[in-house]
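Coordinates in review
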Amino acid sequence: MPLDPARTVAELKELRELTGDENGAQRVAWTETWERARGWLREKLDGLPLEEEIDEAGNQWWTLRGASDRAVLIGGHIDSVPNGGWLDGALNVVAGVEVVRRLAEDGSPAVTVRLVNWADEEGARFGRSLFGSSAAAGSMADQDELRQRRDAEGVSLPDAVGAHDVELDRALEARSQLEGAAAYLELHIEQGPVLESLGLPLGVVLGTFGVERHQVTFRGQAAHAGSTPMDARRDALAGAAKLELEIREIASRVGDGAVCTMGGVVTRPGIVTSVVETAECLLDQRHLDAHQLAEMLSNAEAASRRFAQEEHVEVEWERIWNIEPILFDSELIELADESTREVAGESHRLPSGPLHDAAEVARAGVPTVMLFVQSLRGLSHTKLEDTKEEHLELSVQALDRLADKTIARVAAG
Ligand SMILES: [Zn+2]
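Throughout what follows, the structure given in this document is the object of discussion.

For the zinc ion, the protein coordination sphere consists of His77 (NE2), Asp88 (OD) and His188 (NE2), at 2.1 Å. Residue classification places Asp88 among the buried positions, given a relative accessible area of 4%. With a relative accessible area of 1%, His188 lands in the buried category.

Shown next, in the form of structure tokens:
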């Protein structure tokens, strides 16, 4: 049976009917609707010569045994955010089903091929993303904290996952699944506007951004708005305001996709009759290159000290969170580029702002690459999320080509 990309589109619509409502997709992990989606996925693969299992973290695996035990993994997640779109997550596993069908029809592949549906990529119910993939990658280091997490109804995370036969204490045993993994492939909607703005259906993902998040606090002196002359003020907001404008310059100077955002400023005392005494700023900086990210950070720190001096205030930095950039495999990026050019004529390489399961797998040392397909208006995590059907079909073809090329490469290596 040849690859039938139109079937993927039809199946995605079927899944939308089965697990969505007038507000969008409702496949939130660890719910009945999610379990229905997982059962549906299982039915789609019924009758193929696959071994099926669910690991200790709740990830679903289907294995097509090949001549070698070394495995090419194709993955994604079927869970969605509440009121989500029809494609985020689901496209990657449903396209994976079509590729595995085609491979199974062709007989036993040169290496083993495994399809994985990661459990709870979105973290929508408990605020912890990448649950299943981080367990398999061995990077789930926050089990003590996860034990305390509760959803909006007060249900604890261990109880919620337990209802789906996952024991939190044993989740890390899912690590054994990545033994023998030689490559990991994931298709995803872009969830941003870049490919649409370039008029391209498909792109190849270079990796996921490193992130530096800080709270930057400027401290001056509260003083009466009427009696304090302009040249006698120690206005904390003046420092913050200068920094907000400067981070845009820093991002454009560093370039290569750099983004800097001052996502919030809280001023105190925050009344109209007082000069601002403290301004607490939340700063988010992202880059695909670790050195350039570090440069952006040190530039912003230096600028903040200069502005503090100019305004006769103090400044203090506190790190909230950070993660290093995660780069995908250069050989697989080449293969993905080739596959994309073959089906779409042109390819484009771009970083990913959002994290994905692929980042966890790459972090675990498995050579990884992702394909992006254009998102209309860059929208995602809303029922308005959409992609042209012809582009969805191209993306299934590209994933199929990439799977073949990767199997050949792993078999040869
Ligand atoms: Zn996703």
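The subject of this paragraph is the packing of aromatic side chains. Aromatic ring pairs are defined here through the distance separating the ring centres and the angle between the ring planes. In this structure the tally under the stated criterion is 4 aromatic pairs. The interplanar angle of 80° and the centroid separation of 5.5 Å between the aromatic rings of Trp61 and Trp118 together place this pair among those described as edge-to-face. Of the two residues, Trp61 is situated in strand β4 (residues 60-64) and Trp118 in the loop between β6 (111-117) and α4 (131-137); the sequence distance between them amounts to 57 residues. Using a relative accessible area of 0% as the deciding quantity, one classes Trp61 as buried. Taken together through their ring pairs, the aromatic side chains of Trp30, Trp34 and Phe131 make up a single cluster. Note that Arg16 overlies the ring of Trp86, its terminal NZ or CZ placed 4.4 Å from the centroid.

Attention now goes to the nonpolar core. Nonpolar side chains tend toward joint burial in soluble globular proteins. Core analysis: the biggest nonpolar cluster contains 95 residues, and Trp30, Ile78 and Phe131 have the highest contact counts within it. Sort the elements by how many residues they give to this core and helix α3 (residues 90-105) lands first, with 10 residues. The residues touching Ile78, leaving out its near neighbours within four places in the chain, are Leu15, Arg27, Trp34, Ala37, Arg38, Trp40, Leu41, Ala90, Val93 and Asn117. Core analysis: the next-biggest nonpolar cluster, separate from the first, contains 26 residues, Ala240, Ile250, Val254 and Val276 among them.

Glancing now at a nonpolar patch on the surface. Together, Leu282, Ile320, Trp321 and Leu355 give the surface a local cluster of nonpolar side chains, amounting to about 340 Å² of exposed area. Among the structural elements, Trp321 can be located in strand β12 (residues 314-323). Accessibility expressed as a relative area gives 35% for Trp321, which makes it partly exposed.

Here we take up the pattern of salt bridges. Throughout the structure, instances matching the rule amount to 37 salt bridges. With a shortest N-O distance of 3.5 Å, Arg114 and Glu53 are connected by a salt bridge. One end of the pair, Arg114, is in strand β6; the other, Glu53, is in strand β3 (residues 51-54), with 61 residues separating them in the sequence. Look at Arg114 and you get buried, because its relative accessible area is 8%. One network of salt bridges, with partners in common, ties together Arg7, Glu11, Glu14, Lys44, Glu98 and Arg101.

Definitions and cut-offs
- Residues numbered from 1 in each chain as written.
- Predicted model: local features only at pLDDT ≥ 70, side-chain atom pairs only at ≥ 80, totals over all residues.
- Heavy atoms only, no water.
- Donors = N, O, S within 2.8 Å, 3.2 Å for Na, K, Ca; no water.
- Buried < 20%, exposed > 50% of the residue type's maximum accessible area, 1.4 Å probe, protein only.
- Phe/Tyr/Trp six-rings, centres within 6.5 Å; stacked < 30°, edge-to-face > 60°.
- Helix = DSSP H or I, 4+ residues; strand = E, 2+ residues; numbered from the N terminus.
- Lys NZ or Arg CZ within 6 Å of the ring centre and 35° of its normal.
- Core = buried A, V, L, I, M, F, W, Y, C linked by side-chain atoms within 4.5 Å.
- Contact = heavy atoms within 4.5 Å.
- Patch = residues over 30% accessible without salt bridge, like charges linked within 9 Å, V, L, I, M, F, W, Y side chains within 5 Å.
- Areas by Shrake-Rupley, 256 points an atom, 1.4 Å probe, with all protein chains shown as cover.
- Salt bridge = Lys/Arg side-chain N within 4 Å of Asp/Glu carboxyl O.

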